[in-house]
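Tertiary structure, described
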Amino acid sequence: MFFFVSDAPHSPPTLLINPNKPTGIVLTNDGNAILREIDVTHPAAKSMIELSRTQDEEVGDGTTSVIILAGEILHLSQPFLEKDIHPTVIVRAYMKALDAAVKIIDDLSFPVDIDDRDQLMNIVNSCIGTKYTSRFGPLMADLALEAVLCVAVSNPDGTREVDIKKYAKIEKIAGGSIEDCRVLKGVMMNKDVVAPGRMKRRVEKPRVMLLDCSLEYKKGENQTNVEITKEEDWSTLLKMEEEWIQGVCTQIASFKPDVVVTEKGLSDLATHYLTKAGIVALRRVRKTDNNRIARATGATIVHRVEELRDEDIGTGAGLFKVEKLGEEYFTFFVDCDEPKACSIILRGASRDVLNEVERNLHDAMGVARNVVHDPRLLPGGGAVEMAVSRAIAEEALKIEGVEQWPFKAIGQALEVIPRTLAQNCGANVIRTLTKLRAKHAEGDGSSNGNKATCTFGIDGNKGTIVDMKELGIWEAYAVKVQSIKTAVESAAMLLRIDDIVSGLSQKGAQAGAGTGTGVAPTNDDADEDPPEKLGE
């Protein structure tokens, strides 16, 4: 039941007890986050949980709606099964209804200019309107939009690539207030310089060198034995190591870098030579952070010092600095000329608040990314669901036979979204839905076929019928279509299941191995006489 109260602007958060978490609790109203923490044993329930995870990975939003819609479709399927209508017939009607719904949604959608920041802000604000961070105004929407536009890259064929998973990193730092959250035009990571007392912590217009090799003397892969006969041989070995490290550092210094970043180790001797040359060094940086620095500064990651070239040095960063935030030091490569990677700093009172803000920001960035990929909009507030519901009801009259009823049921199931919105804002559900149906009936019956009346939906704050175009509540086309497709196809898959067969346990499988029957041995089998007795 908590799922229905998680899908509205006034939805209260759910408190989940999880001893595996550092704080022991999870406070959220995100559908995917709730389902991740729930332990279920029923296979159909596990399949439903997988829906939410798929929706979150695919489009980043609509995780609650897809579960509510799939549950409603299954609920409306029960009467058909009780009337002995075959599941194949029901599923065939559902697939026809899905195709009809997608066509209707295509007609309702309209293109959006992705360069119009105000329109994009309205879309992202609609996404986080049901979230915890909605109380902080447009702050989260602004962060999400800024991050997505920062990492967006135009391809030669005119499309845009937006990889927020790789190039938009979220750094959560406890302390401060939510208003301190910001997007950096560059990269931030939890690192300090190798020699804090001797290396600079601030460099303007740095030349950045990125390495994927170790700056310390190579050790043998296996156990290495060295036999020394003279006392001078030991000194010679040490001197050879020092000369090799000095040669590497001299080769690095010849390119005049200001900052050297390596993913591997950096010996004390190499630190000495780099410090002597006035070079700042960072060691054991994560591969993902190194890739972000390369994208932000224009540098190339080099795997061997011998392969270094002058064009591998990155000069795109405007400032390198190390600052202390809270109890730890953080390194910044900011003010980049063309930052195609960014870091988002989240500040908050506690870890629980930060985790919820991160989940909300992830959803908001997913919606912004979808709009950049597919710049089409749909009215929110249940307007699309009600318009599709009415159109499917009219289309069902043209279908003959028993398929008409399952076809019509998809339209009835879609009404669960506006019904949930009305229920969660305290409105009279029956009266509100009746008024909304009447508004859509007036629009569909107009002589000029004006679609403007089809944009009427429910204001989730007041519970009134409002034109979503005037209210500025929009949803991304990709999110809406994906949630409806996922819900209908999942319900169709579950309806096709005629029985559940449990696999053998490991112990039972070993006991029954080699019998060739595929059936686990029972106690009755164990009591049977052995073959030698049967022959007597």
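Numbers given to residues run from 1 along each chain, matching the order in which its sequence is written. Note on the predicted model: pLDDT of at least 70 is required for a residue's local features to be given, and 80 or more for side-chain atom pairs to be given and counted; whole-chain, interface and lining totals, by contrast, use all residues. Side-chain measures here rest on the full set of heavy atoms in the structure, leaving out hydrogens and waters.

**Remarks on the overall build of the protein chain**
In this description a helix means any DSSP run of H or I spanning at least four residues, a strand means any run of E spanning at least two, and both kinds are numbered starting from the N terminus. Looking only at helices and strands, one finds 20 helices and 20 strands in the protein chain. Burial classification: accessible surface area is computed with a 1.4 Å probe over protein chains only, and a residue below 20% of its type maximum counts as buried, one above 50% as exposed, and the rest as partly exposed. Buried positions account for 48% of the 536 residues belonging to the protein chain. Should any heavy atoms of two residues lie within 4.5 Å, those residues are considered in contact. Contacts in the protein chain between residues at least 24 apart in sequence constitute 73% of all its contacts with a sequence separation of at least 6. In these tables, accessible area is a Shrake-Rupley quantity obtained with a 1.4 Å probe, and a residue counts as shielded only by the protein chains included in the view. Per element, the accessible surface of the protein chain, about 27500 Å² overall, is 49% carbon and sulfur.

**Side note on the nonpolar core**
Grouped burial of nonpolar side chains is what soluble globular proteins tend to show. Counting residues in each nonpolar core, the largest one holds 88 residues, and the members touching the most others are Leu215 and Ile252. Not counting residues up to four positions away in its chain, the partners in contact with Ile252 are Met209, Leu211, Leu215, Pro257, Val260, Leu274, Ile279, Val305 and Leu308. Throughout this description, the term nonpolar core refers to a set of buried Ala, Val, Leu, Ile, Met, Phe, Trp, Tyr and Cys residues connected via side-chain atoms within 4.5 Å. Counting residues in hydrophobic clusters, the runner-up holds 50 residues, among them Leu51, Ile67, Ile104 and Ala387.

**Some remarks on the packing of helix H5 (residues 117–127) against helix H6 (residues 139–151)**
Lines fitted to C-alpha atoms define the axes here, with helix axes fitted over just the stretch in contact, and angles between the N-to-C directions of these axes take values from 0 to 180 degrees. The N-to-C vectors of H5 and H6 enclose an angle of 120°; their axes lie 9 Å apart at closest approach. Between H5 and H6, the interaxial angle falls into the category oblique. Of the two possible hands of crossing, H5 and H6 adopt the one that is right-handed. Where H5 approaches H6, its residues Arg117, Leu120, Met121, Val124 and Asn125 are matched on the opposing element by Ala141, Asp142, Ala144, Leu145, Glu146 and Leu149. Each angle is binned into one of four classes, with values under 35 degrees roughly parallel, values over 145 roughly antiparallel, values of 65 to 115 roughly perpendicular, and all other values oblique. For any pair of crossing helices, the crossing counts as left-handed if the nearer helix is rotated counterclockwise from the farther one by less than a right angle, and right-handed if it is rotated clockwise.

**Some points on the side chain of Thr331**
One can find Thr331 in strand E15 (residues 328–334). By the criterion applied in these results, polar contacts are pairs of N or O atoms within 3.5 Å in which, for protein atoms, one can donate a hydrogen and the other can accept it, and in which residues neighboring in sequence qualify only through two side-chain atoms. Here the side chain of Thr331 touches Lys191 through a polar contact of 2.6 Å, landing on its backbone oxygen.

**Section: the sheet that holds strand E6 (residues 168–174)**
The strand order across the open sheet formed by three strands is E6-E16-E7, and the pairing between neighbours is mixed. The open sheet terminates on both sides in strands that have one partner only, identified here as E6 and strand E7 (182–184). Across the sheet, the mean angle separating the axes of adjacent strands is 25° when strand polarity is ignored. Examined bridge by bridge, E6 and strand E16 (residues 342–348) share seven bridges and lie parallel to one another. The partner of Glu171 across the bridge, within E16, is Ile345. Its contacts with the sheet put H6 on E6, E7 and E16, and the angle it makes with E16 is roughly 165°. One bridge is not enough; two strands pair if DSSP finds at least two bridges between them.

**Let's talk about the pattern of salt bridges**
Any Lys or Arg side-chain nitrogen found within 4 Å of a carboxyl oxygen on Asp or Glu counts as a salt bridge. A full pass over the atoms with the stated rule returns 31 salt bridges. Linking Arg117 and Asp142 is a salt bridge whose minimum nitrogen-to-oxygen distance equals 2.5 Å. Here the residue Arg117 occupies a position in helix H5, and Asp142 occupies one in helix H6, the gap between them amounting to 25 residues. The class for Asp142 is partly exposed, based on a relative accessible area of 29%.

**Re the packing of aromatic side chains**
Any two rings among Phe, Tyr and Trp, with Trp reduced to its six-membered ring, count as a pair given centres within 6.5 Å; such a pair is stacked if its planes are under 30 degrees apart, edge-to-face if over 60, and tilted if neither. All chains considered together, the criterion is met by two aromatic pairs. Between Phe110 and Trp474, the ring centres sit 5.0 Å apart and the planes meet at 80°, which makes this aromatic pair edge-to-face. Taken together, the residues span a long stretch of sequence, with Phe110 in strand E3 (residues 110–111) and Trp474 in strand E20 (residues 474–476) at a distance of 364 residues. Residue classification places Phe110 among the partly exposed residues on the basis of a relative accessible area of 24%. Both rings, one in Phe320 and one in Phe333, keep their centres 5.2 Å apart while their planes meet at 50°; by these two values the pair is tilted.

**Thoughts on a nonpolar patch on the surface**
Residues form patches when they are more than 30% accessible in relative terms and have no salt bridge. Like charges link within 9 Å. Nonpolar side chains (Val, Leu, Ile, Met, Phe, Trp, Tyr) link within 5 Å. Together, Val226, Ile228, Trp234, Leu237, Leu238 and Met240 make up a nonpolar patch on the protein surface, roughly 550 Å² of accessible area in all. Mapped onto the fold, Met240 is located in helix H8 (residues 231–253). Take Met240: its relative accessible area is 45%, and that puts it in the partly exposed class.

**Observations regarding the confidence of the model for the protein chain**
What pLDDT reports is the predictor's confidence in each residue, on a scale of 0 through 100. Chain-level pLDDT for the protein chain is 83 on average; 87% of the residues reach the 70-or-more range. The spread of mean pLDDT over the elements of the protein chain runs between helix H20 (residues 531–534), the lowest at 44, and strand E11 (residues 259–262), the highest at 95. Predicted confidence is poor over residues 445–453, with pLDDT under 50, and the contacts of this stretch with residues over four places away or in other chains come to six contacts.

**A few points about the sheet that holds E20**
Ordered in space as E3-E17-E20, the three strands form an open sheet in which the pairing is antiparallel. Lying at the two open borders of the sheet, with one neighbouring strand each, are E3 and E20. Relative to E20, strand E17 (residues 376–379) runs antiparallel, the two sharing three bridges. What sits directly across from Pro379, in E20, is Trp474.

**Thoughts on unusual backbone geometry**
Across residues other than glycine, the phi torsion is negative in most instances, and most of the peptide bonds are trans. Phi at Arg284 takes a positive value of approximately 50°, unusual for a residue other than glycine. Tracing the sequence through the fold places Arg284 in the loop between strand E12 (280–282) and helix H10 (287–297). Residue Arg284 is classed as partly exposed on the basis of its relative accessible area, which comes to 48%. At Asp335, a position not held by glycine, the phi torsion is positive, near 55°. Examined against the element boundaries, Asp335 turns out to sit in the loop between E15 and E16.

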